[in-house]
Amino acid sequence: MQRPRKTSELPEVLPLFPLPGALLLPRGRLPLNIFEPRYLSMIDDALGGDRLIGMIQPLRSSGESSIGPELYEVGCAGRLTSFSETADGRYLITLTGLVRFRIVETLSTITPYRQARVDWDDFSVDLTPADDDDVPDRAGLLAVLKDYLKAQQLEADWETIEDAPCETLINSLAMICPFDPKEKQALLEAPALADRAQTLLALMEFALASSGGDAEPSLQ
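Below, the structure is looked at part by part. (Residues numbered from 1 in each chain as written. Predicted model: local features only at pLDDT ≥ 70, side-chain atom pairs only at ≥ 80, totals over all residues. Heavy atoms only, no water.)

In this section: empty space enclosed by the protein. It is the rolling of a water-molecule-sized probe over the atoms that shows where space remains empty. As enumerated under the stated definition, the model contains one cavity of 30 Å³ or more in all. As a volume, the largest cavity reaches approximately 60 Å³. In terms of lining residues, the largest cavity is bounded by Ala22, Leu23, Leu24, Met55, Ile56, Gln57, Gly75, Cys76, Lys184, Gln185 and Leu188. Of all the secondary structure elements, the ones that give two or more residues to the lining of the largest cavity are β3 (52-56), β6 (74-85) and α5 (181-189). With three residues, the top contributor of residues to the lining of the largest cavity is α5. Each residue belonging to the lining of the largest cavity can be placed in one class, and the counts come to seven nonpolar, three polar and one charged. (1 Å grid on protein atoms, 1.4 Å probe; cavity = no way out; pocket = protein on both sides within 12 Å on 5 of 7 lines; lining within 4 Å. Points joined across faces, edges and corners; volume = space filled by probe spheres on them. Helix = DSSP H or I, 4+ residues; strand = E, 2+ residues; numbered from the N terminus. Nonpolar A, V, L, I, M, F, W, Y, C, P; charged D, E, K, R; others polar.)

Spelled out as structure tokens, the structure:
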């Protein structure tokens, strides 16, 4: 399918790929190594259809039902934009984030993977790329990021970071930084880019404070 311009163009039912700690955000790119038979089947079906897959996190503290672990209510749909098959039968794919969704109902289906009826209306903002002006303190964010990456002993290409549009930078950092699943979910559910930037900043400052870094948390 072509990139939708309104939520009414999106499907009502979405296949679900529960994966703890895996965060997909609009216009972000998530590489995945698919090897479980049920998810190989899901990819086969997606390739023959609209190529949309719903990434969502399981609630790790919850028990499992007969259909699998309980899930968070909010996930993000990704379009399958890259696909290759390995000699041992695995699929190497890339999902490009499209729009977040909210689960309305998990369906009883004959497919080996889960499907859900979803609602997109709360996240129509995702259909339009954010403007750099939506993030008021990029310089402050970069200053904390530098300390955070140093504390995490992570390398960074600062020329690329400084040149990246705010949405690309914030969503990429949210996806790749080693936050725990609850923190990843908070980043996913942030209403708009400015909120996600504030959440990202708070998480990095908290991590620095916990590790004895220099940055002091600026959010309550």
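Another aspect to go through is the pairing of β6. With four bridges connecting them, β3 and β6 associate as antiparallel partners. Paired with Met55 across the two strands is Cys76, which belongs to β6. In this sheet, strand β7 (residues 91-106) lies alongside β6 in antiparallel orientation, the contact comprising eleven bridges. Its bridge partner lying in β7, Cys76 is registered against Arg100. In textbook terms, the turn of a hairpin is the stretch between consecutive antiparallel strands, and for β6 and β7 this stretch comprises five residues, one of which, Gly89, has a positive phi near 90 degrees. (Pairing = 2+ DSSP bridges.)

Running from N to C, helix α2 (residues 138-151) and helix α6 (residues 193-210) cross one another at 40 degrees; their axes reach a closest spacing of 9 Å. Comparing the axis directions of α2 and α6 gives the class oblique. The interaxial crossing formed by α2 with α6 has left-handed handedness. The residues of α6 that touch α2, namely those facing Gly140, Leu141, Val144, Leu145, Asp147, Tyr148 and Ala151, are Ala197, Leu200, Leu201, Met204, Glu205, Ala207 and Leu208. (Axes fitted to C-alpha atoms, helices over the stretch in contact; angles between N-to-C directions. Parallel < 35°, antiparallel > 145°, perpendicular 65-115°, else oblique. Left-handed = near helix turned anticlockwise from the far one by under 90°. Contact = heavy atoms within 4.5 Å.)

Once that is clear, we can look at the layout of surface pockets. Quantified by volume, the largest pocket comes out at close to 290 Å³. Considering the residues around the largest pocket, the lining is formed by 15 residues, among which Ile161, Leu169, Ser172, Leu173 and Ile176 are closest to the centre. Put simply, the parts of the chain that give the lining of the largest pocket at least two residues each are α3 (158-163) and α4 (166-176). With five residues, α4 is the largest single contributor of residues to the lining of the largest pocket. In terms of residue class, the lining of the largest pocket is built from ten nonpolar, three polar and two charged.

This part takes up the side chain of Gln57. Mapped onto the fold, Gln57 is located in the loop between β3 and β4 (64-65). A polar atom in the side chain of Gln57 sits 2.5 Å from the backbone nitrogen of Gly21. When residues no more than four places from it in sequence are discounted, the contact partners of Gln57 are Leu19, Pro20, Gly21, Ala22, Leu71, Tyr72, Pro181, Lys184 and Gln185. (Polar contact = N/O pair within 3.5 Å; in protein donor to acceptor, adjacent residues only side chain to side chain.)

Let us now look at the packing of aromatic side chains. Taken as a whole and assessed by the stated rule, the structure comprises four aromatic pairs. Seen in terms of ring centroids, Phe101 and Trp120 are 6.0 Å apart; in terms of plane orientation they differ by 70 degrees. Their pairing is edge-to-face. With Phe101 in strand β7 and Trp120 in the loop between β8 (115-119) and α2, this residue pair connects regions lying 19 residues apart in the sequence. What makes Phe101 buried here is its relative accessible area of 0%. For Trp120, a relative accessible area of 4% gives the class buried. Directly above the ring of Trp158 sits Lys146, whose terminal nitrogen or CZ lies 4.9 Å from the centroid. (Phe/Tyr/Trp six-rings, centres within 6.5 Å; stacked < 30°, edge-to-face > 60°. Buried < 20%, exposed > 50% of the residue type's maximum accessible area, 1.4 Å probe, protein only. Lys NZ or Arg CZ within 6 Å of the ring centre and 35° of its normal.)

Moving on, we come to the nonpolar core. Ranked by internal contacts, the top residues of the largest apolar core, which has 64 residues, are Ile34 and Phe101. With residues near it in sequence (within four places) discarded, Ile34 still touches Phe17, Tyr39, Leu40, Ile43, Arg90, Tyr91 and Ile93. (Core = buried A, V, L, I, M, F, W, Y, C linked by side-chain atoms within 4.5 Å.)

Looking along a regular strand, one sees the side chains alternate between the two faces of the sheet. Burial of β3 is extensive: five of the five residues sit out of reach of the surface. Residues of β3 alternate between two faces, with Leu52, Gly54 and Ile56 on one and Ile53 and Met55 on the opposite face, all of them buried. Looking at chain direction, strand β1 (residues 13-18) and β3 are connected through three bridges and run parallel. Residue pairing in the sheet places Phe17 in a bridge with Met55 of β3.

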